[in-house]
Each structure stands twice: as C-alpha cells, then as structure tokens.
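Given next are the chains, with one letter for each unit.
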Amino acid sequence: MLHIDELTFENEVLQSEKLVLVDFWAPWCGPCRMIGPILEEIAKEFNLKVVQVNTDENPNLATFYGIRSIPTLMLFKKGQRVDTVIGAVPKSILIHTINKYL
Amino acid sequence: MSSFDAMKKFAQSYAKMSQTVFCEDLSITLTVIEGLARHKDEYGAPLCPCRHYQSKKTEVMAAYWNCPCVPMRERKECHCMLFLQPDNEFAGQTCTLDP
C-alpha cells in the first residue's frame, strides 16, 4: 500500500481519478494492525486506491481531517471526503461503505 | 524494570481486576503495550497509542487518555482493544501474557 505524507496527499488523494480509501494509522496502534490485511484484500478486489497516512509522522494532516480515534478510514471521491469509518470494523462493513461510492 | 515490562505487568493486573481479557491475537495486545511504554518513556505517562493528539504533552497532563483511560474506567470501553469484555468478537481466553 502506498504511504502518503503531507507533501503527496494533494496529488495522490485529492487529484486522484479513482476513489481513494485513506487509512490514518499509527505504528503502535493494535487495531490498525488488525485492519491492515483487510485493506490489502480490498485494494486487490476493488477498483479503488488504498493509501496510508502515518499520523505520528503527519500530525498536521491528521489534525486537519479531525482524526481522533485511530484507525480512521476516509473515502475521497474527486477530491472530496465522502465518508468516514472509525475503528477496526469487519470487512463487510467496509465493502458496504465502499460500494456506495464506486 | 523496563517500561515495557512494567506496562505488561500493569495490563495483566488491570485486566484481572476489571474482569476483561486480552485479544485472541496477543500480538495486538503486545503492540499496544509497546505503544503505552513508549509514551511513558517519552512523555511520562502511558497515553493511549490509538488516538491522534494535537499535543501529546498537553494530553498527558489532561490525563483523560492516560491508560487506563476514562472510558475504560467508567464503561470498560477500550477502543485500542487492549482490554476486551469477554463477549467481544475478538476476545481471547486469557488475561495473562506469560506462558
């Protein structure tokens, strides 16, 4: 999965032609590790881009998007944030959310 | 004793006391404990590693998210999945970490 930072966010997320799922995560967050393999699967199974933002390394980006609980997953379509999912949720819930915007 | 060992000891006794259990995947538990230990070393308190803060230094002083956090103490809610209620779908069988 592509790692995004404050410099690449605009290009890779906001300017993306495809739907983008952004995973705001932190290195010592247990639930972030749980959701990792699910996101890998989703990246392969769906026509969308899945990227990760390390909130410890990109605090301004995390603060700008109002991140509190980690992991927080955000969906961006045509440069707009369209949905947010908080916490390690089952794959079915993520798929349901993604399908609304594909 | 290292902060990691101290947090491990704390996690086991707090789980026992609060009648909660660890995750079925103990690598998740140990990841969180490592995060707590690092915050303790760096900021003086085991701030929850599953939150983003504008300032970790300020949050440590506010104490709300210092482990065990207020939601855990009040309602046994640990979104970091360190302490799980036994009926949680990810709950394991144990509140001990050493074999």
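For clarity, every value in this text was computed on a predicted model and none was experimentally measured. (Residues numbered from 1 in each chain as written. Chains lettered and ligands numbered in written order. Predicted model: local features only at pLDDT ≥ 70, side-chain atom pairs only at ≥ 80, totals over all residues. Heavy atoms only, no water.)

**Here's the deal with the UniProt feature "binding site: [4Fe-4S] cluster" (unreviewed entry) in chain B**
Residues and elements named next belong to chain B.
For step 1, the next point in the chain: The residues that UniProt annotates with the feature "binding site: [4Fe-4S] cluster" (unreviewed entry) are C48, C67, C69 and C78. The greatest C-alpha distance among the annotated residues, which extend across 31 residues, is 9.5 Å, indicating that they converge on a single site.
For step 2, the next point in the chain: On the secondary structure map, C48 appears in the loop between α2 (26-43) and α3 (56-62).
For step 3, the next point in the chain: Aside from chain neighbours lying at most four places away, what touches C48 is L36, H39, Y53, W65, H79 and C80.
For step 4, the next point in the chain: Residue placement: C69 occurs in the loop between α3 and α4 (70-75).
For step 5, the next point in the chain: Not counting the four nearest positions on each side in its chain, C69 is found in contact with Y64 and E77. (UniProt positions renumbered as here; feature names shortened; annotations may be inferred. Helix = DSSP H or I, 4+ residues; strand = E, 2+ residues; numbered from the N terminus. Contact = heavy atoms within 4.5 Å.)

**A short note on the pattern of salt bridges**
For step 1, the next point in the chain: All told, the structure shown has 8 salt bridges over all chains when counted by the stated rule.
For step 2, the next point in the chain: Close ionic contact of B:K56 with A:D56 constitutes a salt bridge, the shortest N to O distance being 3.2 Å. Of the two residues, B:K56 is situated in helix α3 and A:D56 in the loop between β3 (49-54) and α3 (59-64); the pairing between them involves two chains.
For step 3, the next point in the chain: By relative accessible area, which is 18% here, B:K56 ends up buried.
For step 4, the next point in the chain: Residue B:E74 is joined to B:R75 by a salt bridge in which the shortest nitrogen-to-oxygen separation is 3.4 Å.
For step 5, the next point in the chain: Overall, the relative accessible area of 58% leaves B:E74 in the exposed class. (Salt bridge = Lys/Arg side-chain N within 4 Å of Asp/Glu carboxyl O. Buried < 20%, exposed > 50% of the residue type's maximum accessible area, 1.4 Å probe, protein only.)

**Some remarks on the UniProt feature "site: Deprotonates C-terminal active site Cys" in chain A**
Residue and element names in this part refer to chain A.
For step 1, the next point in the chain: Mapped onto the present numbering, the UniProt feature "site: Deprotonates C-terminal active site Cys" falls on D23.
For step 2, the next point in the chain: As for its placement among the helices and strands, D23 is situated in strand β2 (residues 20-25).
For step 3, the next point in the chain: Excluding its chain neighbours within four sequence positions, the residues that come into contact with D23 are L39, V51, Q52, V53, P71, T72 and L73.

**Quick word on the environment of B:R75**
Residue and element names in this part refer to chain B.
For step 1, the next point in the chain: Here R75 lies in helix α4.
For step 2, the next point in the chain: Residues within four places of R75 in sequence aside, it is in contact with V70 and Q85.
For step 3, the next point in the chain: At 3.2 Å, the side chain of R75 and the side chain of E77 are in polar contact. (Polar contact = N/O pair within 3.5 Å; in protein donor to acceptor, adjacent residues only side chain to side chain.)

**Digging into the nonpolar core**
For step 1, the next point in the chain: Counting 44 residues, the largest nonpolar core has A:F9, A:V22, A:Y65, A:F76, B:L82 and B:F83 as the members making the most contacts within it.
For step 2, the next point in the chain: Of all elements in the fold, only α1 (9-14), β2, β3, α3 and β4 (72-77) of chain A together with α1 (3-18) and α2 of chain B reach the threshold of two or more residues within this core.
For step 3, the next point in the chain: Apart from the residues lying within four places of it in its own chain, the contact partners of B:F83 are B:F10, B:A11, B:Y14, B:A15, B:T20, B:V21, B:F22, B:C67, B:M72 and B:C78.
For step 4, the next point in the chain: Counting residues in each nonpolar core, the second largest holds 16 residues, with A:L19, A:L73, A:V85 and A:Y101 among its members. (Core = buried A, V, L, I, M, F, W, Y, C linked by side-chain atoms within 4.5 Å.)

**Notes on the interface of chain B and chain A**
For step 1, the next point in the chain: On the side of chain A, 19 residues touch chain B, which itself brings 18 residues to the contact.
For step 2, the next point in the chain: When chain B packs against chain A, the two sides together hide about 1500 Å² of surface, and 65% of this comes from carbon and sulfur.
For step 3, the next point in the chain: Counting every contact that joins chain B to chain A gives 1 salt bridge.
For step 4, the next point in the chain: Here chain B is connected to chain A by 6 residue pairs in polar contact (both at pLDDT 80 or more).
For step 5, the next point in the chain: The dominant element in the side of chain B that touches chain A, judged by the number of residues it contributes, is α2(B), at 6 residues.
For step 6, the next point in the chain: Among the residues forming the side of chain B that touches chain A, the class breakdown is 8 nonpolar, 5 polar and 5 charged. (Buried area = accessible area lost by both parts, 1.4 Å probe. Nonpolar A, V, L, I, M, F, W, Y, C, P; charged D, E, K, R; others polar.)

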